[in-house]
Amino acid sequence: MQNTRAPLLNSTLRWFMLGMILANIASNMVFTLLAVYLAELGANAAQIGLVFSAASIVPLALQIFGGWLSDTIGRLRIIAIASVCASFGYLGFVLAPTWQWMMLALALEYISGSVVGPSFSAFIAEQSSQESRARVFSIAQSLYMIVGVVGPPLGGFLAQQYGFKVMLTAAFGLYTCASLLRVWMARASQFNTAGAIGAVTLASLRSNLTTLFGMIAAGGLLTWILITDGVQDIAFRLSSELEPLYLAQVGSLSLEQVGWIKAISSTAIMGAMLLAGWLADRWGERVTIFGGFILEFAGLTLFLQSHNFAEFAISMLIFGAGIGIMHPAYESLVSKVAPEKMRGLVFGLFSTSLGIISFPAPWAGGFLWERISPQSPFAITAGATLIAALLVWYKFKAPGADTAPALEG
């Protein structure tokens, strides 16, 4: 008797991931070097931080609403709509004459992330069983990390050899292809599993938000997930947008080398994610998340001591491994504690609440760079990462947070 098992990623998920990969190769081409391009347009470090902080108003305004629409009218539909809007943002990158105009283009691009982020995690959860969910998240996110391996070196090569305008034009073309694929998926009958679930009314939104805020106010595991993720988000937004600038100006790396550093980090994330799902399903999310934070802290500490390409590469390998170990476990844990019909709203609320408190972080990071030292934002990020690790270890002890069914074989 033949023993056959269904693949962890079904046909719908494979098409879905293709759209994600195309769109985010374009995103990584642009965002890996965006701070450097803004500096080329005449912005200083504080102004670069201001650009990212100002554009962050869009996710703050849309993520809860986008997550709720994802629950209500369907994941694929809302992703397609947001992608079409974001395509105009990529066109704006090409046409923007000054760094001030880049804020508008960036705001349009953020429309996609505001909606796709909550929908991505909720869609993967719906396409997987609870027993294998962490492994499905790890495989999907590992495939997704192809974008970090391909996008930054490609963007760095095009920008170095042909200039930023050529690179931005290529990214616009690639993102447009992804948007067309997403529109096709939203309209095709074989993917029509995301039909309307409920009425698009303010009363429905208010009812769901009341339920969700009640769960958070109860002080349980969902509350501590939000707190630890908030600490991490604030810390990383202090330094993440400034990382390319640090590598170029402090580390004296070329644009191509900056792209390769990002690719090395993404390769480490991809490899670690393949292991992370198995670890989380086997030993529980708490241990896996804690280990990821510790690796991130070690990588950032080494980053601050680095002076050449090889040292930066090693630090990013360690840091990337930490991200890869942690994120599938986080996504799996949130999907398990969130009500099934409210997953998009939960992920959207998490992103929005974190965004509200981390909103000034890029500007603050640029201010610290200018007034104290380029190293200061990264040092604060490292310290906050260690604090988050301790919170995970001592507070993620609710029933189910550190237990998982044993895997067969």
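Residues numbered from 1 in each chain as written. Predicted model: local features only at pLDDT ≥ 70, side-chain atom pairs only at ≥ 80, totals over all residues. Heavy atoms only, no water.

### Regarding the overall build of the protein
How we decide: Helical segments are the DSSP runs of H or I of at least four residues, strand segments are the runs of E of at least two, and each set is numbered from the N terminus. Burial status follows relative accessibility: with a 1.4 Å probe on protein chains alone, a residue under 20% of its type maximum counts as buried, one over 50% as exposed, and anything between as partly exposed.
Counting secondary structure elements, the protein contains 18 helices and 0 strands. Buried positions account for 55% of the 409 residues belonging to the protein.

### Examining the nonpolar core
To keep it simple, the criterion reads: Take the buried Ala, Val, Leu, Ile, Met, Phe, Trp, Tyr and Cys residues and link them wherever side-chain atoms come within 4.5 Å; each set so joined is a nonpolar core. The contact criterion used throughout is that any non-hydrogen atoms of two residues lie within 4.5 Å.
Val30, Leu38, Phe93, Leu106, Phe164 and Met167 are the most contacted members of the largest nonpolar core, which totals 68 residues. Residue contributions to this core peak at 8 residues, all from helix H6 (residues 99-126). Setting aside residues up to four positions removed in sequence, Leu38 forms contacts with Ala43, Ile48, Val51, Phe52, Trp99 and Met102. With 16 residues, the next largest nonpolar core counts Leu9, Leu13, Val136 and Ala140 among its residues.

### Thoughts on a nonpolar patch on the surface
The criterion, for reference: Two joining distances apply to patches: 9 Å for like charges and 5 Å for nonpolar side chains (Val, Leu, Ile, Met, Phe, Trp, Tyr), and every residue must have over 30% relative accessible area and no salt bridge. Under the convention used here, a 1.4 Å probe and the Shrake-Rupley method define accessible areas, while residue burial counts only the protein chains that appear. Whenever a carboxyl oxygen of Asp or Glu lies within 4 Å of a side-chain nitrogen of Lys or Arg, that contact is scored as a salt bridge.
Nonpolar side chains collect at one region of the surface, where Val287, Ile294, Leu386, Leu390, Trp393 and Tyr394 lie side by side and expose about 520 Å² of accessible area between them. Elements with a minimum of two residues in the nonpolar patch: helix H14 (285-304) and helix H18 (376-395). Sorting elements by how many residues they give to the nonpolar patch places H18 first, with 4 residues. With respect to the element layout, Val287 can be found in helix H14.

### Points about the side chain of Glu243
Note the threshold: None of His or the chain ends enter the tally, which takes Lys and Arg as positive and Asp and Glu as negative.
Residue placement: Glu243 occurs in helix H12 (residues 243-250). Although Glu243 is buried, it makes no salt bridge; Lys262 carries the closest opposite charge, 5.4 Å away. Once residues lying within four places of it in the same chain are set aside, the contact partners of Glu243 are Phe303, Met316 and Phe378.

### With respect to H18
Short version of the rule: To estimate how far a helix should extend, the number of its residues minus one is multiplied by 1.5 Å.
The end-to-end C-alpha distance of H18 is 29 Å, a good match for the 28 Å that 20 residues give at a rise of 1.5 Å each. Close packing links the buried residues of H18 with helix H11 (221-239), H12, H14, helix H15 (309-337) and helix H17 (361-371).

### Details of the packing of helix H8 (residues 146-162) against helix H13 (residues 255-283)
We count it as follows: Note on definitions: angles span 0 to 180 degrees between N-to-C directions of axes, and those axes are lines fitted to C-alpha atoms, for helices only across the stretch in contact. Throughout, the term roughly parallel applies to angles under 35 degrees, roughly antiparallel to angles over 145, roughly perpendicular to angles from 65 to 115, and oblique to all others. Three classes are used: nonpolar for Ala, Val, Leu, Ile, Met, Phe, Trp, Tyr, Cys and Pro, charged for Asp, Glu, Lys and Arg, and polar for all others, with Gly counted as polar.
Close contact between H8 and H13 brings their axes to 7 Å; oriented N to C, the two are set at 175 degrees. Between H8 and H13, the angle is such that the two are roughly antiparallel. Between H8 and H13, the residues in contact are Ile146, Gly148, Val149, Pro152, Pro153, Gly156, Phe157, Ala159, Gln160 and Gln161 and Leu255, Glu256, Gly259, Trp260, Lys262, Ala263, Ser266, Thr267 and Met270, respectively. Among the residues making up the contact of H8 with H13, the classes are represented as 10 nonpolar, 7 polar and 2 charged.

### Details of helix H1 (residues 11-31)
In an α-helix, one turn spans 3.6 residues; hence positions three or four apart end up facing the same way. Across its 21 residues, H1 extends 30 Å between first and last C-alpha, which sits within 8% of the 30 Å expected from 1.5 Å per residue. Where burial is concerned, most of H1 is hidden: 15 out of the 21 residues are buried.

### A closer look at unusual backbone geometry
Although it is not a glycine, Ser252 sits at a positive phi angle of roughly 60 degrees. Mapped onto the secondary structure, Ser252 falls in the loop between H12 and H13. Overall, Ser252 belongs to the exposed group, its relative accessible area being 57%.

### Side note on the side chain of Ser87
Tracing the chain through its elements places Ser87 in helix H5 (residues 75-95). Contacts of Ser87, omitting those with residues within four sequence positions, involve Phe172, Tyr175, Thr176 and Ser179.

These figures come from the coordinates and say nothing about function on their own.
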